[in-house]
Amino acid sequence: MKITELVAQFSRPVVESCGCTLWDVEYVREGGEWFLRLYIDKEGGVDIIDCETISRAVDPILDERDPIAESYHFEVCSAGLERTLRTPEHFAAFLDADVLVKLYRPKDGTKEFAGVLKGYNDGDVSIDYHGTELTFEKSEIALVRLRIDF
């Protein structure tokens with residue numbers, strides 16, 4: 001089992017007992033250091049108190065379970081308004097929402113396509129892009145996130 005799946009498994013009940021939902025777990029290397037991040041969400045939005053409460057509740061469990069051998073930084077963050085969509089459940093929850101699809105390599109001269117999410121099928125993502133439906137294969141997608149115009 002991957003580290004992120006293991007951490008999600010034992011942290012989800014703690015997050016939910018604090019009135020939030022676990023949006024995602026990320027374990028990444030940035031600037032030579034490892035970061036374990038829990039992204040949380042709740043109706044009405046997440047605040048710093050939610051992040052602190054969940055961090056204090058999950059931290060001792062991480063110490064006890066010790067799922068990561070190397071040194072890392074642990075953070076609890078809001079999923080954010082422009083959150084990344086990763087799972088089939090994420091995509092299902094945000095059908096017809098504005099999204100930004102970022103590609104690994106340019107397609108028709110661009111690597112970013114802003115449109116309305118129209119479908120998700122086994123990693124492939126379809127959007128309405130200026131009245132035309134475009135479908136991107138899983139292998140060409142670097143990132144899909146919600147897009148908010150301010």
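Before any of the text, the structure's been laid out above.
Now for a look at the structure at hand. (Residues numbered from 1 in each chain as written. Predicted model: local features only at pLDDT ≥ 70, side-chain atom pairs only at ≥ 80, totals over all residues. Heavy atoms only, no water.)

Some thoughts on unusual backbone geometry
Here comes step 1: Even without glycine at this site, Asp66 takes up a positive phi of about 50 degrees.
Here comes step 2: Residue placement: Asp66 occurs in the loop between helix H2 (48–65) and strand S3 (73–78).
Here comes step 3: A residue is classified by how much of its surface remains accessible, and Asp66, at 54% relative accessible area, is exposed.
Here comes step 4: Located in the positive-phi region is Asp108, a residue other than glycine, with phi close to 55 degrees.
Here comes step 5: Take Asp108: it is sitting in the loop between strand S4 (98–107) and strand S5 (110–121).
Here comes step 6: Residue Asp108 is classed as exposed on the basis of its relative accessible area of 76%. (Helix = DSSP H or I, 4+ residues; strand = E, 2+ residues; numbered from the N terminus. Buried < 20%, exposed > 50% of the residue type's maximum accessible area, 1.4 Å probe, protein only.)

Observations regarding a nonpolar patch on the surface
Here comes step 1: Residues Leu81, Ile148 and Phe150 make up a contiguous nonpolar surface patch of about 370 Å² in total accessible area.
Here comes step 2: On the secondary structure map, Leu81 appears in the loop between S3 and helix H3 (88–93).
Here comes step 3: Residue Leu81 is classed as exposed on the basis of its relative accessible area of 58%. (Patch = residues over 30% accessible without salt bridge, like charges linked within 9 Å, V, L, I, M, F, W, Y side chains within 5 Å. Areas by Shrake-Rupley, 256 points an atom, 1.4 Å probe, with all protein chains shown as cover. Salt bridge = Lys/Arg side-chain N within 4 Å of Asp/Glu carboxyl O.)

Such coordinate-based values are descriptive only and should not be taken to indicate function.
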